[in-house]
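Descriptive analysis of the structure
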Amino acid sequence: MFGIVPKPLWTREREADARNRMLLSCNNPLIRAGRHNILIDCGIGRKWNEKQKEIYAIEERPRLIEELAAIGLKPSDITILIHTHLHLDHAGWNTQLNAKGELEPVFINARHIVERRELEVARNPNEIQRGTYLASNIGPIDADKGWETYEDAREIVPGISVFRTGGHTFGHVAVRIESGGQKALFIGEMMPTTAHRHLPWIMAYDLYPLETLEMKRALLKECVAKNTLVLMNHDPTCFAVRLKESGGKIEAEKEL
């Protein structure tokens, strides 16, 4: 999670267990915009066998579908699913196993929106990418209504837009949200936890770390200047922060 940063440094901010695993969450914002119920990413899903659960130490906490149900929404009520990228921990709820043990789409009425080149890689991953792009999360959507693609940037609905950041993957995107004069940014893997507010703290997962560095530099500067609410991707202790600069360092102040 911290790439070249030595463990004695990053453990000042994040604890690790005996197997060097740290606690993470999959935060998936729900945006209500007019008649639309919009999700950003869809977490890890529940298509995991016991060995995989043990490797990743997947905890039985309230899952995405249950959390939607708690506010009166069914999967069929989601009209747009924005994918920042298609790694296994972001596209897991695209599909599920039905009573026959067959894969089927979960969000049957949603437009699945993804950057074109991200989808191309997910369909044809190389040896490095194969472990993080799972065909079980991709193929059933191909066979159903398919994907809605764009290149580099797009406005999804008024007030919600996506733009390519690259870095983590070539087609990774972030999501800008504006409403009533307020600004928010789902920053994605540019800053997956508040510990990653330090510019050189970049994941070893990132295929293009120098691109991550420059995009993170620009986005953090923008968020400080505009007092943007930053929605966190994997932080287990806070979902939304505001960034402040003090003494040349970026600090994250928890709001939610």
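For the structure itself, consult the block above.
Described below are features of the structure shown in this document. A quick note: this is a predicted structure, and the numbers were derived from the prediction, not measured.

Considerations on the side chain of His196
- Structurally, the position occupied by His196 is in the loop between strand 11 (182–186) and helix 6 (209–226).
- A distance of 2.8 Å separates the side chain of His196 from the side chain of Thr193, its partner in a polar contact.
- Contact partners of His196, with chain neighbours within four places excluded, come to Met1, Phe2, Met191, Trp201, Met203 and Lys216.

Overview of the sheet that holds strand 14 (residues 249–254)
- With mixed pairing, the 7 strands of this open sheet are ordered in space as 8-9-10-11-12-13-14. Here the strands that pair on one side only, and so sit at the sheet edges, are strand 8 (153–157) and strand 14. Here the strands of the sheet are splayed against their neighbours by 30° on average, with no regard to which way each runs.
- In the sheet, strand 10 (residues 173–179) pairs with strand 11 via 5 bridges, with the strands oriented antiparallel. Along strand 11, the bridge assignment pairs Glu178 with Lys183.
- In this fold helix 6 packs onto strand 9 (160–164), strand 10, strand 11, strand 12 (229–231), strand 13 (240–246) and strand 14, with an angle of close to 90° to the strand it touches most, strand 13.

A closer look at the nonpolar core
- Core analysis: the biggest nonpolar cluster contains 19 residues, and Ile82, Ile156, Ile160, Val175 and Ile177 have the highest contact counts within it.
- Of all elements in the fold, only strand 2 (36–40), strand 3 (80–82), strand 8, strand 9, strand 10, strand 11 and strand 12 reach the threshold of two or more residues within this core.
- Residue contacts for Ile156: discarding those within four places in its chain leaves Ile80, Ile82, Ile113, Ser161 and Val162.

Description of the state of the cysteines
- Under the definition given, this model contains 0 disulfides.
- Distance from the sulfur of Cys42, which forms no disulfide, to the nearest cysteine sulfur (Cys26) is 9.7 Å.
- On the basis of relative accessibility, which here comes to 0%, the residue Cys42 falls in the buried class.
- Residue Cys238 stays outside any disulfide, its sulfur separated by 14 Å from that of Cys223, the closest cysteine.

Examining the packing of aromatic side chains
- Tallied over the full model, the rule gives 4 aromatic pairs.
- Ring centres 5.2 Å apart and planes at 25° place the aromatic pair Phe2 and Trp10 in the stacked group. By the burial criterion, Phe2 is buried, and Trp10 matches it.
- Summarising the aromatic geometry, the rings of Phe2 and Trp201 are spaced 5.5 Å apart at their centres and angled 80° between planes, so their arrangement reads as edge-to-face.

Here's the deal with the sheet that holds strand 6 (residues 111–115)
- What the 5 strands build is an open sheet, ordered 1-2-3-6-7; its pairing is mixed. Edge positions in the sheet fall to strand 1 (30–33) and strand 7 (148–150), since each of these pairs with one other strand and no more. Within the sheet, the average angular offset between the axes of one strand and its neighbour, ignoring direction, is 25°.
- Examined bridge by bridge, strand 2 and strand 3 share 3 bridges and lie parallel to one another. Each bridged residue has a counterpart across the sheet, and for Leu39 the counterpart in strand 3 is Leu81.
- Sitting on the sheet, helix 4 (residues 116–123) touches strand 6 and strand 7, and the angle it makes with strand 6 is about 95°.

Parameters at a glance
Residues numbered from 1 in each chain as written. Predicted model: local features only at pLDDT ≥ 70, side-chain atom pairs only at ≥ 80, totals over all residues. Heavy atoms only, no water. Helix = DSSP H or I, 4+ residues; strand = E, 2+ residues; numbered from the N terminus. Polar contact = N/O pair within 3.5 Å; in protein donor to acceptor, adjacent residues only side chain to side chain. Contact = heavy atoms within 4.5 Å. Pairing = 2+ DSSP bridges. Axes fitted to C-alpha atoms, helices over the stretch in contact; angles between N-to-C directions. Core = buried A, V, L, I, M, F, W, Y, C linked by side-chain atoms within 4.5 Å. Buried < 20%, exposed > 50% of the residue type's maximum accessible area, 1.4 Å probe, protein only. Disulfide = S-S within 2.5 Å. Phe/Tyr/Trp six-rings, centres within 6.5 Å; stacked < 30°, edge-to-face > 60°.

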